[in-house]
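# Summary of the model geometry
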Amino acid sequence: SGGDSSSLQLVFLVSDGRIERDSRATLRRLIREMLERNILMVMIIVEGNEVAKDSIVNMKEVTFVDGKPKVKLFMENYPFPYYMILDDMNNLPSILGDALRQWFEMLTRLRSASA
């Protein structure tokens, strides 16, 4: 069971964000379990200097439904509810600063709602 809002933790996971379709259900379960323990996971997707068409937001994947191909965007079924896309590593400090500011704002709202 989770603790109170004073024990909330924030975890940053830095990756290229490419997650195999077969791993998504397991990741969703792990992320849900972490949330139940008051641990919030934020995926920071590092794209580098990708050409726009190669960006994770433009990637598509094919699935088969009843033997027929279905094309959808890769991010449609992304297992991380909280993620940021970093296109330049030089922006990492400001991205982390923004994330921490939003985190503290969320903590303040949670505390004032429970008071």
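Residues numbered from 1 in each chain as written. Predicted model: local features only at pLDDT ≥ 70, side-chain atom pairs only at ≥ 80, totals over all residues. Heavy atoms only, no water.

### Points about the overall build of the protein chain
Short version of the rule: What counts as a helix is a DSSP run of H or I of at least four residues, what counts as a strand is a run of E of at least two, and both are numbered from the N terminus. The quantity called the radius of gyration is restricted to C-alpha atoms. Its globule counterpart is 2.2 Å times the number of residues to the power 0.38. Relative accessibility decides the category of a residue: with a 1.4 Å probe and only protein chains considered, values under 20% of the type maximum give buried, values over 50% give exposed, and everything between is partly exposed. Working rule for contacts: check all heavy atoms of both residues, and any pair within 4.5 Å makes them a contact. Here the accessible surface of atoms and residues is derived via Shrake-Rupley with a 1.4 Å probe, and residues count as covered only by protein chains that are part of the display. Lys and Arg are tallied as positive, Asp and Glu as negative. Neither His nor the chain termini are counted. In this description, the location of a charge corresponds to atom NZ of lysine, CZ of arginine, CG of aspartate or CD of glutamate.
Looking only at helices and strands, one finds two helices and five strands in the protein chain. Counted from the first residue to the last, the protein chain has its helices and strands arranged as β-α-β-β-β-β-α. Taken over the C-alpha trace, the protein chain has a radius of gyration of 17 Å; the compact-globule value for 115 residues is 13 Å, which it surpasses by more than 25%. Counting over 115 residues, the protein chain shows a buried share of 27%. Long-range contacts, defined here as pairs at least 24 residues apart, represent 76% of the contacts in the protein chain between residues at least 6 apart. Carbon and sulfur atoms make up 54% of the accessible area of the protein chain, which amounts to about 7800 Å² in all. In the protein chain, the 15 positive side-chain charges and the 16 negative ones have mean positions that sit 6 Å from each other.

### Description of helix H1 (residues 24-36)
Counting along an α-helix, one turn takes 3.6 residues, and residues three or four places apart therefore face a common direction. Threshold: In this scheme, a helix's expected span is set at 1.5 Å multiplied by one less than its residue total.
Given a rise of 1.5 Å per residue, 13 residues ought to cover 18 Å, and the 18 Å separating the end C-alpha atoms of H1 matches this to within 8%. Once H1 ends, the next one or two residues include Asn38, with phi positive near 65 degrees.

### Considering helix H2 (residues 92-114)
Between its terminal C-alpha atoms H2 stretches 33 Å, which fits the 33 Å expected from 23 residues at 1.5 Å a residue. Three or more residues of H2 are buried, namely Ile95, Ala99, Trp103 and Leu107. Of the surrounding elements, those touching the buried residues of H2 are strand E1 (9-15), strand E2 (39-46) and strand E5 (83-86).

### Focus: the pairing of strand E4 (residues 68-73)
Basically, it comes down to this: Note: two strands are recorded as paired if DSSP finds a minimum of 2 bridges between them.
Note that strand E3 (residues 60-65) and E4 share six bridges and pair antiparallel. By the bridge assignment, Phe64 is partnered in E4 with Pro69. Between E3 and E4, which pair antiparallel one after the other, the connecting turn spans two residues, and Asp66 there sits at a positive phi close to 55 degrees.

### Regarding a nonpolar patch on the surface
Selection rule: For patches, a residue must show more than 30% relative accessible area and have no salt bridge; joins then use 9 Å for like charges and 5 Å for nonpolar side chains, namely Val, Leu, Ile, Met, Phe, Trp and Tyr. Salt bridges are defined as contacts in which a side-chain nitrogen from Lys or Arg sits within 4 Å of a carboxyl oxygen from Asp or Glu.
A surface patch of nonpolar side chains, amounting to about 220 Å² of accessible area, comprises Val57, Tyr83 and Ile85. Assessed through its relative accessible area of 38%, Val57 is described here as partly exposed.

### Here we look at the pairing of E5
Residues Met84 and Leu86 line the buried face of E5, whereas the alternating positions Tyr83 and Ile85 sit on a face that is not buried. Where E2 lies against E5, four bridges are found, and the strand directions are parallel. Paired with Ile45 across the strands is Ile85, a residue of E5.

### Re the environment of Met89
Mapped onto the elements, Met89 comes out in the loop between E5 and H2. Residue classification places Met89 among the partly exposed residues on the basis of a relative accessible area of 47%. For the pair Met89 and Val46, spaced 43 residues apart in sequence, the C-alpha to C-alpha distance is 7.6 Å.

So far we have only geometry, and geometry alone does not tell us how the molecule works.
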